[in-house]
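Next come the chains, spelled out residue by residue.
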Amino acid sequence: MPVFMLFLYTIFFSQDGTKQKRERKKTVSFSSMPTEKKISSASDCINSMVEGSELKKVRSNSRIYHRYFLLDADMQSLRWEPSKKDSEKAKIDIKSVKEVRTGKNTDIFRSNGISDQISEDCAFSVIYGENYESLDLVANSADVANIWVTGLRYLISYGKHTLDMLESSQDNMRTSWVSHMFSEIDVEDLGHITLCNAVQCIRNLNPGLKTSKIELKFKELHKSKDKAGTEVTKEEFVEVFHELCTRPEIYFLLVQFSSNKEFLDTKDLMMFLEAEQGVAHINEEISLEIIHKYEPSKEGKEKGWLSIDGFTNYLMSPDCYIFDPEHKKVCQDMKQPLSHYFINSSHNTYLIEDQFRGPSDITGYIRALKMGCRSVELDVWDGPDNEPVIYTGHTMTSQIVFRSVIDIINKYAFFASEYPLILCLENHCSIKQQKVMVQHMKKILGDKLYTTSPNVEESYLPSPDVLKGRILIKAKKLSSNCSGVEGDVTDEDEGAEMSQRMGKENVEQPNNVPVKRFQLCKELSELVSICKSVQFKEFQVSFQVQKYWEVCSFNEVLASKYANENPGDFVNYNKRFLARVFPSPMRIDSSNMNPQDFWKCGCQIVAMNFQTPGLMMDLNIGWFRQNGNCGYVLRPAIMREEVSFFSANTKDSVPGVSPQLLHIKIISGQNFPKPKGSGAKGDVVDPYVYVEIHGIPADCAEQRTKTVHQNGDAPIFDESFEFQINLPELAMVRFVVLDDDYIGDEFIGQYTIPFECLQTGYRHVPLQSLTGEVLAHASLFVHVAITNRRGGGKPHKRGLSVRKGKKSREYASLRTLWIKTVDEVFKNAQPPIRDATDLRENMQMIQSLKAVIENADAVYEKIVHCQKAAMEFHEHLHSIGTKEGLKERKLQKAVESFTWNITILKGQADLLKYAKNETLENLKQIHYAAVSCGLNKPGTENADVQKPRRSLEVIPEKANDETGD
């Protein structure tokens, strides 16, 4: 919440007038450096300002003038030219500058007619003089703006002594540490070391750097000095280290929080951790722990200072990865029925290449089970010597012995997860070899087999928690009225279908699946308990006759048909029953379907070809990371609740779910490898980044950055994107890095993460190869902000700028059923829904927090009361509607509207409850901040504290209305 952020800024900086004026909420911006030399210190910024830059001077009424700005060599004045004024007037004395304000935050910027065309990241204002006049400027790039903002802020703090101060004290900590590294190599105190040792030392400190790049930098330095030989002096070592091991984007971030120092002290770090990284209950002890863990210099550890190198170490550590570590362990409720989870599933697990001629191998099972797969497939046929074998029938795939597969499954079944494993048994064996199958499974798997008969009095499957360590058999089962030792069941032969369709044009006939009957032995049937395979007929029939332990399998084409034509029915079907979707038999190359197409319908078991890398497997692997990679992910509540409205194909907001605004800035990249197999451009890489959103149709989107030419080592992108996420629980974010090539863009790396696992703030994204391996030292540096989620810095980048005034505010609407008694109940719910929305939307105002705390419970109870009253009609809604004269289509519409309204009521109640909890949490944080600053001590409650803080406002500025300048 913005009020929380602003209050913390007040607490921390109101005690220091200089600090109070700093724009702490700015999300720092970066792009390619304006000179060849990297900016690695405030000295570099000031030297760059002395050299000068072209900046745009912004005036009112859309007037913009191109001027060349520079800092006088004596650092006393800021000048610009050309100007109609004489040279003595076209300047500002540094000592008259009151504040340097980032972004478009003055009246001149706000009133300028072309303000929308000016980048927020390139704009800054110098507030000066007794009348607080503003000099409003726009740089050609974001980092030129950062150079001027950083340099001016140092000059405001230290005046003409800035460089002396920097050289005499602040940068000594870093230089001393690097010099100490040099001295450890120069054991004989010769004053120089070999080039080889110098290169190796820098590479040890920064493993991502290439040896050739470090060598080249030393050779360039020697050449510029006309120096012969390869020995490296201490001064040269320090200079090259600063040049290669300083990331300007991280340096500018550090000085933004460092109170104009070259390091962060514990309070600076506390503010960064709370405001940007979203760390709760932050205190100086936590800051010190981070400093001691990541600061490389002894001096920094002793004084509690985090240098640029320590700050870089911290930001690149797993502590600052984009993936929330809370999701690395099982963190979801595992006591729900099995049908309430998505289940990590493999198709034709035994195949390691294509579907028609590829080899079968036990390594397919090992790979899948190690990756957390909880549903594997066994296609079993009669084999020689009375030993069943596994392969795809009617194809040219090779065979493996059934017994060896069961051995491997027994060994690896619970290697990655303790939760139940489902064996999808496609049985095509004779009675004789079926009995052999049973013998092998009983002997090898033993007590792990779950054979308990389902309880007919229950309505749902057991939970994953109840089924821990158990193996379930999904297969055909004899009917309960079969009294013999064997009987007839239907056989769905996927291999025969694929063989039959090869070469045919008409592949879109999902109902033409070859079906035959075969004999099933009773012993095998008895191993099947709560995953009995049955053939799907239609939704209305299933709702009436299907048992909760019966499972239907859907061909991808048929499942897509239902997803498009009956999305609501498909979602409701999957609330109670397990559904397995397998790839079309025409995917002979083992390509994969998009699992999101079926997850959005609630399908639990979407079988993937694990042997085929690419986008679809990236989605599958990324998705199942979110719950400790245990193979089970709890579906969104709207897909589980008995009475809830959700359509899989919605292209709008979801009823009862609050949309989230995701703001992502792609700042920079590090150590991108050359794409595999690429040879046309040598070692040159021209990278760009795609940010993709995968989820329901309303959420699917993608954006791309510009291409950074010939820079794969440290490209700066500095581009921001915004996405509205309507169903966060089903959304995923995918970062893809590509090499821009005129022949065809080539893949460099990717990372896929569920939306719920994103961490806000400044984060590194570890890139992975096409086959899922981590690319050593390759990453993206990004900034993430999400509506109503802690951290992320500037309020408008957390989605809070989309708050609407009461007149333009949109309230959740309830539908009319045309059933009078029920409509009266829902009519009574409309006022508390409006009250709940107003309470939530006004939370950015500090005076509104009290209203949330005082009124939320009463409004919540009213909404819940209306929901309970409406649910009294649920069981008999059809008969009530019939009595009211509703028939067929109108009756169906009334039922749908009832479900919609219940979903709205529950969603609004949940959102209000969350809002109150968030308010209480934020007030706790304000209290902790006050305690840490000593504001709770006796004597602090003076008149200044009691009055509203002026620091919540901006310093007023007066525009200089000169013309022609």
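The rules behind each value
Residues numbered from 1 in each chain as written. Predicted model: local features only at pLDDT ≥ 70, side-chain atom pairs only at ≥ 80, totals over all residues. Heavy atoms only, no water. Helix = DSSP H or I, 4+ residues; strand = E, 2+ residues; numbered from the N terminus. Buried < 20%, exposed > 50% of the residue type's maximum accessible area, 1.4 Å probe, protein only. Contact = heavy atoms within 4.5 Å. Axes fitted to C-alpha atoms, helices over the stretch in contact; angles between N-to-C directions. Parallel < 35°, antiparallel > 145°, perpendicular 65-115°, else oblique. Nonpolar A, V, L, I, M, F, W, Y, C, P; charged D, E, K, R; others polar. Salt bridge = Lys/Arg side-chain N within 4 Å of Asp/Glu carboxyl O. Expected span 1.5 Å × (residues − 1). Disulfide = S-S within 2.5 Å. Core = buried A, V, L, I, M, F, W, Y, C linked by side-chain atoms within 4.5 Å. Domains from an automatic or database assignment. Lys, Arg positive; Asp, Glu negative; His and termini not counted. Polar contact = N/O pair within 3.5 Å; in protein donor to acceptor, adjacent residues only side chain to side chain. Pairing = 2+ DSSP bridges. pLDDT = per-residue confidence, 0-100. Arc of directions from axis to C-beta. Phe/Tyr/Trp six-rings, centres within 6.5 Å; stacked < 30°, edge-to-face > 60°. Left-handed = near helix turned anticlockwise from the far one by under 90°.

Asker: Is there a simple way to think about the overall build of the protein in this case?
Answerer: Scanning the protein from N- to C-terminus turns up 30 helices and 33 strands. Expressed as a percentage of the 965 residues in the protein, the buried residues total 57%. For the protein, restricting intrachain contacts to residue pairs at least 6 apart in sequence, the fraction spanning at least 24 positions comes to 72%.

Asker: I keep staring at the packing of helix H11 (residues 248-257) against helix H15 (residues 308-315) and nothing clicks. Help me out?
Answerer: The description of two packed helices rests on the angle between their axes and on the distance between the axes. One can describe the packing of H11 onto H15 by two numbers: an axis separation of 10 Å at closest approach and a directional angle of 110 degrees. Classified by the angle their axes make, H11 and H15 are roughly perpendicular. Note on element contacts: H15 touches H11 through Ile 308, Phe 311, Thr 312 and Leu 315, opposite Ile 250, Tyr 251, Leu 253 and Leu 254. The residue inventory of the contact of H11 with H15, partitioned by class, reads 7 nonpolar, 1 polar and no charged.

Asker: Can you help me understand the pattern of salt bridges in this one?
Answerer: Two side chains of opposite charge can pair, provided their charged atoms sit close to one another. Scanning the model with the defined rule gives 35 salt bridges in all. Ionic pairing is found between Asp 268 and Lys 261, a salt bridge with its closest N-O pair at 2.7 Å. A single burial state applies to Asp 268 and to Lys 261, both of which are buried. Residue Arg 815 is joined to Glu 896 by a salt bridge in which the shortest nitrogen-to-oxygen separation is 3.6 Å. Taken together, the residues span a long stretch of sequence, with Arg 815 in the loop between strand E32 (774-786) and helix H26 (820-841) and Glu 896 in helix H29 (residues 888-932) at a distance of 81 residues. You can call Glu 896 partly exposed: its relative accessible area is 27%.

Asker: I tried to follow helix H7 (residues 172-185) on my own but got confused; where do I start?
Answerer: Along an α-helix, residues three or four apart share an orientation, since each turn contains 3.6 residues. Along its 14 residues, H7 runs 20 Å from first to last C-alpha, staying within 8% of the 20 Å computed at 1.5 Å per residue. Buried within H7 are the following residues: Met 173, Arg 174, Trp 177, Val 178, Ser 179, Met 181 and Phe 182.

Asker: Would you mind going over the environment of Leu 770 with me for this structure?
Answerer: Its location among the elements puts Leu 770 in the loop between strand E31 (761-768) and E32. Accessibility expressed as a relative area gives 43% for Leu 770, which makes it partly exposed. Taking the C-alpha atoms as reference, Leu 770 lies 9.6 Å from Lys 676; in sequence the two are 94 residues apart. Residues in contact with Leu 770, not counting those within four places in the same chain, are Pro 613, Gly 614 and Phe 747.

Asker: Would you mind going over the state of the cysteines with me for this structure?
Answerer: In protein chemistry, a disulfide is the covalent bond that joins the sulfur atoms of two cysteines. All told, the structure shown has 0 disulfides when counted by the stated rule. Cysteine Cys 521 is unpaired, with the sulfur of Cys 429 as its nearest cysteine sulfur at 9.8 Å. On the basis of relative accessible area, Cys 521 is assigned to the buried category, the value being 0%.

Asker: Please explain the nonpolar core as it appears in this structure.
Answerer: Generally speaking, nonpolar side chains in soluble globular proteins are found buried as a group. Counting residues in hydrophobic clusters, the biggest one holds 77 residues, and the most contacted among them are Tyr 365, Leu 378, Ile 409, Leu 425, Met 441 and Phe 554. Split by domain, the residues of this core number at least three in each of domain 4 (338-496 + 516-637) and domain 5 (660-676 + 683-787). With near-sequence residues (within four places) excluded, Leu 425 lies in contact with Leu 378, Val 380, Phe 402, Met 437, Met 441, Ile 473, Lys 474, Ala 475 and Leu 524. Core analysis: the next-biggest nonpolar cluster, separate from the first, contains 57 residues, Trp 80, Leu 155, Phe 257 and Tyr 314 among them.

Asker: Please explain unusual backbone geometry as it appears in this structure.
Answerer: Backbone geometry follows two general trends: most residues other than glycine have a negative phi, and most peptide bonds adopt the trans configuration. Positive phi, normally seen in glycine, also occurs at Asn 386, with a value near 60 degrees. By the element assignment, Asn 386 lies in the loop between strand E13 (375-381) and strand E14 (389-390). Taking the relative accessible area as the measure of exposure, Asn 386 reaches 28% and is therefore partly exposed. Unlike most non-glycine residues, His 777 shows phi in positive territory, near 65 degrees. Along the chain, His 777 turns up in strand E32.

Asker: Looking at this structure, I do not really get the side chain of Asp 699. What am I missing?
Answerer: Turning to its location among the elements, Asp 699 is positioned in the loop between strand E26 (687-694) and strand E27 (701-704). Buried Asp 699, no salt bridge; nearest opposite-charge side chain is Lys 600, N-O distance 11 Å. In this structure the side chain of Asp 699 is engaged in a polar contact, spanning 2.6 Å, whose partner is the backbone nitrogen of Asn 726. Engagement of the side chain of Asp 699 in a polar contact is seen with the backbone nitrogen of Leu 727, the distance being 3.1 Å.

Asker: Please explain the pairing of strand E5 (residues 97-102) as it appears in this structure.
Answerer: A regular strand carries its side chains on alternate faces of the sheet. Of all 6 residues that make up E5, 5 are buried, and the element is covered over most of its length. Where E5 and strand E6 (residues 123-128) come together, 5 bridges link them in antiparallel fashion. Across the sheet, residue Val 97 finds its bridge partner in E6, namely Tyr 128.

Asker: Can you help me understand the confidence of the model for the protein in this one?
Answerer: Residues shown with low pLDDT carry predicted positions that ought not to be read at fine detail. Mean pLDDT for the protein: 84, with 84% of residues reaching 70 or above. Here residues 501-513 is modelled with pLDDT under 50, and outside its nearest four sequence neighbours on either side it reaches 13 contacts, counting other chains as well. In the predicted structure, residues 940-964 sits below a pLDDT of 50 and forms 48 contacts with residues beyond four places in sequence or in another chain.

Asker: Help me understand the environment of Lys 443 in this model?
Answerer: In this structure, Lys 443 sits in helix H18 (residues 431-445). On a C-alpha basis, the gap between Lys 443 and Ile 406 in space is 10.0 Å, while along the polypeptide they are 37 residues apart.

Asker: Looking at this structure, I do not really get helix H17 (residues 402-412). What am I missing?
Answerer: Taken together, the buried positions of H17 are occupied by Phe 402, Val 405, Ile 406, Ile 408, Ile 409 and Tyr 412. An end-on view of H17 places all buried positions within 160 degrees of arc, on one side of the element.

Asker: Would you mind showing me how to read the environment of Ile 400 here?
Answerer: In this structure, Ile 400 sits in strand E15 (residues 400-401). As a C-alpha pair, Ile 400 and Ser 360 span 40 residues in sequence and 6.4 Å in three-dimensional space. If sequence neighbours within four positions are ignored, Ile 400 has contacts with Tyr 350, Ser 360, Asp 361, Ile 362, Tyr 365, Val 389, Ile 390 and Val 405.

Asker: Any chance you could explain the packing of aromatic side chains here in plain terms?
Answerer: Given two aromatic rings, their pairing is described by the distance between the two centres and the angle made by the two planes. Under the counting rule described, the total for this entry stands at 35 aromatic pairs. Ring geometry for Phe 539 and Phe 543: centres 6.4 Å apart, planes at 25 degrees, overall stacked. Here Phe 539 pairs with Phe 543, and both are found in helix H21 (residues 539-545), just 4 residues apart, close to one helical turn. Here Phe 539 falls in the buried class, since its relative accessible area comes to 5%. Their ring planes at 65 degrees and their centres at 5.3 Å tell us that Phe 645 and Trp 900 sit as a pair that is edge-to-face. Of the two residues, Phe 645 is situated in the loop between strand E24 (632-634) and strand E25 (660-670) and Trp 900 in helix H29; the sequence distance between them amounts to 255 residues.

Asker: So what exactly am I meant to see when it comes to the pairing of E13 here?
Answerer: Burial of E13 is extensive: 7 of the 7 residues sit out of reach of the surface. Alternating residues of E13 divide into Ser 375, Glu 377, Asp 379 and Trp 381 and Val 376, Leu 378 and Val 380, and every residue in both groups is buried. In this structure, E13 lies alongside strand E16 (residues 421-427), joined through 6 bridges in parallel fashion. Each bridged residue has a counterpart across the sheet, and for Glu 377 the counterpart in E16 is Cys 424.

Asker: Explain the packing of H7 against helix H8 (residues 195-205) here, please?
Answerer: The interhelical angle for the contact between H7 and H8, taken along N-to-C directions, is 130 degrees, at an axis separation of 11 Å. In this view, H7 runs oblique relative to H8, as classed from their interaxial angle. Along this stretch, H7 crosses H8, giving a crossing that reads as right-handed. Taken together, the residues of H8 that come into contact with H7 (itself represented by Trp 177, Met 181 and Ile 185) are Asn 197, Cys 201 and Leu 205. Partitioning the contact of H7 with H8 into residue classes produces 5 nonpolar, 1 polar and no charged.

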